[in-house]
Amino acid sequence: MKAAVTPISDSPSSNPDELRGLARLQDARVTKGTAFTEEERDRHGLRGLLPPRVMTMQHQVDRIMENLRAKPSPLEKYILLVALQNRNERLFFRTLIDNIDEIMPLVYTPTVGEACLRYAHIFREPRGLFVSLDDLGRVDQLLRNWPEDDVAVIVVTDGQRILGLGDLGANGMGIPVGKLALYTACAGVHPHKCLPVVIDAGTNNEALLADPLYLGLPRKRVTGPGYDALVDEFMQAAAQRFPDALIQFEDFESSNAFRFLKQYRDRYRCFNDDIQGTAAVTLAGLLGAARALETPLEEMRILFAGAGSAALGTAGLTLKALMARGLPEHEARARIALTDVDGLLTTRRSDLAPERKVFAKDLPDGGLLESIRHFRPHMLIGATGVPGVFSQAVVQAMAEHNARPVIFALSNPTSRSECTAEQAYSWSDGRALFASGSPFAPVEINGVMRRPAQGNNVYIFPGVGMGALAACASHVSEHMFLRAAEVLADQVYPIELEAGALYPPLRRIRRVCRDIAIAVAQQAVDDALAEPRTRTELEARIDSMTYAPHY
Ligand code: NAD
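Description of the structure in this document. Since the model is a prediction, treat every value here as computed from it, not as a measurement. (Residues numbered from 1 in each chain as written. Predicted model: local features only at pLDDT ≥ 70, side-chain atom pairs only at ≥ 80, totals over all residues. Heavy atoms only, no water.)

1. As for the sheet that holds strand β6 (residues 302-305)
Part 1 of the argument: With mixed pairing, the seven strands of this open sheet are ordered in space as β8-β7-β6-β9-β10-β11-β14. Each edge of the open sheet carries a strand with a single partner, namely β8 (343-344) and β14 (453-454).
Part 2 of the argument: As paired strands, β6 and strand β9 (residues 379-382) are joined by four bridges and run parallel to one another. Residue pairing across strands places Ile 302 opposite Met 379, the latter belonging to β9.
Part 3 of the argument: Packed onto the sheet, helix α15 (residues 309-324) meets β6 and β7 (336-340) and runs at close to 175 degrees relative to β7.
Part 4 of the argument: Along the sheet, helix α18 (residues 368-375) contacts β6, β7, β8 and β9; its crossing angle with β6, the most-contacted strand, is approximately 170 degrees. (Pairing = 2+ DSSP bridges. Helix = DSSP H or I, 4+ residues; strand = E, 2+ residues; numbered from the N terminus. Contact = heavy atoms within 4.5 Å. Axes fitted to C-alpha atoms, helices over the stretch in contact; angles between N-to-C directions.)

2. Comments concerning the environment of Phe 130
Part 1 of the argument: Within the secondary structure, Phe 130 sits in strand β1 (residues 129-132).
Part 2 of the argument: Along the chain, Phe 130 and Asp 200 lie 70 residues apart, while their C-alpha atoms are 7.0 Å from each other.
Part 3 of the argument: Not counting the four nearest positions on each side in its chain, Phe 130 is found in contact with Tyr 119, Asp 135, Leu 142, Ala 170, Met 173 and Val 198.

3. Details of empty space enclosed by the protein
Part 1 of the argument: Under the definition given, this model contains two cavities of 30 Å³ or more.
Part 2 of the argument: In terms of lining residues, the largest cavity is bounded by 15 residues, among which Tyr 78, Val 82, Tyr 119, Arg 124 and Glu 125 are the most central.
Part 3 of the argument: Looking at the lining of the largest cavity, the elements that each hand over two or more residues are α4 (74-87), α7 (111-117), α8 (119-122) and α10 (174-187).
Part 4 of the argument: The leading source of residues in the lining of the largest cavity is α4, at four residues.
Part 5 of the argument: Looking at the lining of the largest cavity residue by residue, the class counts come to ten nonpolar, two polar and three charged.
Part 6 of the argument: In this model, the second largest cavity occupies a volume close to 80 Å³.
Part 7 of the argument: The wall of the second largest cavity is formed by Tyr 78, Leu 81, Val 82, Gln 85, Phe 92, Val 107, Gly 174, Val 177, Gly 178 and Ala 181.
Part 8 of the argument: Elements supplying a minimum of two residues to the lining of the second largest cavity: α4 and α10.
Part 9 of the argument: Residues of the lining of the second largest cavity, tallied by class, amount to seven nonpolar, three polar and no charged. (1 Å grid on protein atoms, 1.4 Å probe; cavity = no way out; pocket = protein on both sides within 12 Å on 5 of 7 lines; lining within 4 Å. Points joined across faces, edges and corners; volume = space filled by probe spheres on them. Nonpolar A, V, L, I, M, F, W, Y, C, P; charged D, E, K, R; others polar.)

4. Describing helix α21 (residues 461-471)
Part 1 of the argument: With respect to burial, α21 is a largely interior element, eleven of its eleven residues being buried.
Part 2 of the argument: Here α21 has its buried residues at Phe 461, Pro 462, Gly 463, Val 464, Gly 465, Met 466, Gly 467, Ala 468, Leu 469, Ala 470 and Ala 471. (Buried < 20%, exposed > 50% of the residue type's maximum accessible area, 1.4 Å probe, protein only.)

5. Thoughts on the packing of α10 against α21
Axis angle and axis distance: for two packed helices, these are the angle between their axes and the distance between the axes, and together they describe the pair.
Part 1 of the argument: Their axes nearest at 9 Å, the elements α10 and α21 cross at an angle of 75 degrees. Taken together, the axis directions place α10 and α21 in an arrangement best described as roughly perpendicular. Contact residues: Lys 179, Leu 182, Tyr 183, Cys 186 and Ala 187 in α10; Phe 461, Pro 462, Gly 463, Gly 465 and Met 466 in α21.
Part 2 of the argument: Class assignment of the residues belonging to the contact of α10 with α21 gives a composition of seven nonpolar, two polar and one charged. (Parallel < 35°, antiparallel > 145°, perpendicular 65-115°, else oblique.)

6. Examining the site of the ligand
Part 1 of the argument: Surrounding the ligand, one finds 25 residues, the nearest of these being Arg 161, Thr 278, Ser 309, Ala 310 and Asn 457.
Part 2 of the argument: Note that an oxygen atom of the ligand is positioned 2.9 Å from one of the backbone N or O atoms of Ala 307.
Part 3 of the argument: About the coverage of the ligand: the protein hides 84% of its 870 Å² of free accessible area.
Part 4 of the argument: Listing elements by their share of the shell around the ligand, those giving two or more residues are α14 (273-293), α15 and β7.
Part 5 of the argument: A per-class count over the shell around the ligand returns nine nonpolar, 14 polar and two charged. (Near = heavy atom within 4 Å. Polar contact = N/O pair within 3.5 Å; in protein donor to acceptor, adjacent residues only side chain to side chain. Areas by Shrake-Rupley, 256 points an atom, 1.4 Å probe, with all protein chains shown as cover.)

7. Some thoughts on the pattern of salt bridges
Part 1 of the argument: Tallying each qualifying case throughout the model produces 37 salt bridges.
Part 2 of the argument: Across the salt bridge formed by Arg 431 and Asp 429, the nearest N and O atoms sit 4.0 Å from each other.
Part 3 of the argument: Judged by its relative accessible area of 27%, Arg 431 falls in the partly exposed class.
Part 4 of the argument: Between Arg 514 and Glu 539 there is a salt bridge, and its shortest N-O distance comes to 3.7 Å. In this pair, Arg 514 is assigned in helix α24 (residues 509-526) and Glu 539 in helix α25 (residues 535-545), connecting sequence segments 25 residues apart. (Salt bridge = Lys/Arg side-chain N within 4 Å of Asp/Glu carboxyl O.)

Right under this line is the structure:
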C-alpha cells in the first residue's frame, strides 16, 4: 500500500500579499527587487534590505539583457533566465516579452533541447509536477499538492520523443516549462494558471540510465497496460482537480500521440501540439507560400518527407483545408503524398497503418528523390528528425520543375534540420521559399538578403489555447486549428511576403495570438462547442484574461 501524500495547498505562506521583509523580497510572485518604491520599502519592512536607489522595471530589464548578452553560451543564458523566473516572475516575463526575438530561441527551441539533454546537470530548483510510475494509484493526491487551485493550462509530456532528440525521460520537463512560459509571454495566460507536467514511465536512454545524476526513475520505460494506466489516471485526476483546464500533449512518441489524441479528444478539453499545432503552423506557411506564389493552395502538390505525428497531422489538416476550398475529397487526397524511412507510401505497401494508407499513391516505389521525380510536388515538407535528408540532389530536383520551390525543413533542433537555410537557397539559386522548425540566421545569396521563415508552433498553440479557454469550449476541434492557420497566414503583410517571410515577425506575436484567440473562440461558438457569445463579448473576455507583467 502506498503512503498517502500530505497536501500542502493550504500552507500559511501561500498568501504572498501578506509577506514582509526578506520573505517579500525573495518571493518571485510579488518581489520588485530594486524597484520597490520608497513607500513600499516602509510599508513592507524592506528599508535597508535593498540598495538605496529606486530603479524602474526598465532599468532592471536593461541590466538583465546586459548580463544575458555577456554569457558565453546559449545554455548559460538559459540558466540565467531560469534563475530569473525563479527570482522575479514579472521581471522575467517583461524581459521575455520585450526581447522575444532574442530570448525565445533560449527558452524554447533550439536551446531548450540542449537544456533537456543537460537537465540533471544544470538542475537548481524543481518547477512543475512529476508524476511517476511509483505514483500509480495516488495521482490525485499528487495533484492536490499543486499550490494553485485555478489552473488554466496543463502541458504534459512523457519525455519519450523530445524535439528530434529522442527519449529523454524526466529530463523532458524542460519542454512543458518552456511552452508554458510562451503561453504567458505570447497569449497572456497568467503564469500561476500554468502547470507543467512530466509523466515519468522510465526511459530507454542508456546514457541517462547510466548517469548517476539523472533525476527521473532509473529504470527501463514501461509500455502497455501499466503505462496506459498511468496516463489515464493522470487525465482523470487532472480533469477532476482542474475541471476548467486545457491539457496540451507534447513530445509523446508518435503512435502514443495519435492513440491518446483519439482516446481523449472527445472526453477532455485537450489537444496534441506535435500533431495539431504543427499541422496548423505548417498549413499557415503553405497558405503564405501560396499567397507569395499567387497560386491557390488547391492547385499545389505537396510531398512530405516523414510520416510521423508532425507529417501526418499536417497532411490531415491540409486535406481539410483543400476540401474547405472546394476540392472533392479524392482530388484533395491526390494532391498530398508522403514518404517515410522505407520510401513513398504506395498502394503496394502492406505495412501501412490506416491513417497512413489513406495517402498511399499508385506510383512507383522509391525514395525521396524518385518520389519527387514521379509526384512532381510544388511543396516539400520535411518532418523526419533526420539531418541531411534534403540533399543537394533533392533540392535541385525540386528546383528543376519549380520556378520557386517551397521547401520546409521542420525538424528540431537546428542540428536535425533536413537541410540548412543556406543549402536550400544556394542549391536552388536563391529561388526557394524556405521555412524551418528551428531558427536560421538570414543568408545573403547573389547579393540579396534572404530571411528564412520559422514555422514555430508558438504562432499557434498559445492563441488556440487562449481561444478555447475564453470560449469555455468543451473540446478543441480541427476546425479551430484550421481557423487558426488561416488567421495566421493573413497576418503576413504583402511587403513581408515579397521578402520571403511566410510568418509574421515574432515582435507582433501578442497581437497575432490575440487575433487567433478571438477567431478560435468564435469558431468554438459556431461549432456549438461553447455557449453562444458575440465576437465583442469574446474579445472582452480575452482581454480581461490577458496577463501583462507590470509592477
Ligand atoms: P516521428 O518519429 O513520429 O516521425 C518521423 C518520421 O520520419 C517517420 O515516419 C520516419 O519513418 C520518417 N523518416 C525517418 N528517416 C527518414 C528519411 N530518411 N526519409 C523519409 N522519412 C524518414 O517524429 P515527429 O513527431 O513526426 O517529428 C519529426 C520532426 O518534426 C522532429 O524533429 C520534430 O522536432 C519536428 N517537429 C517540428 C515542429 C515544428 O517545426 N513546428 C513541430 C513538431 C515536430
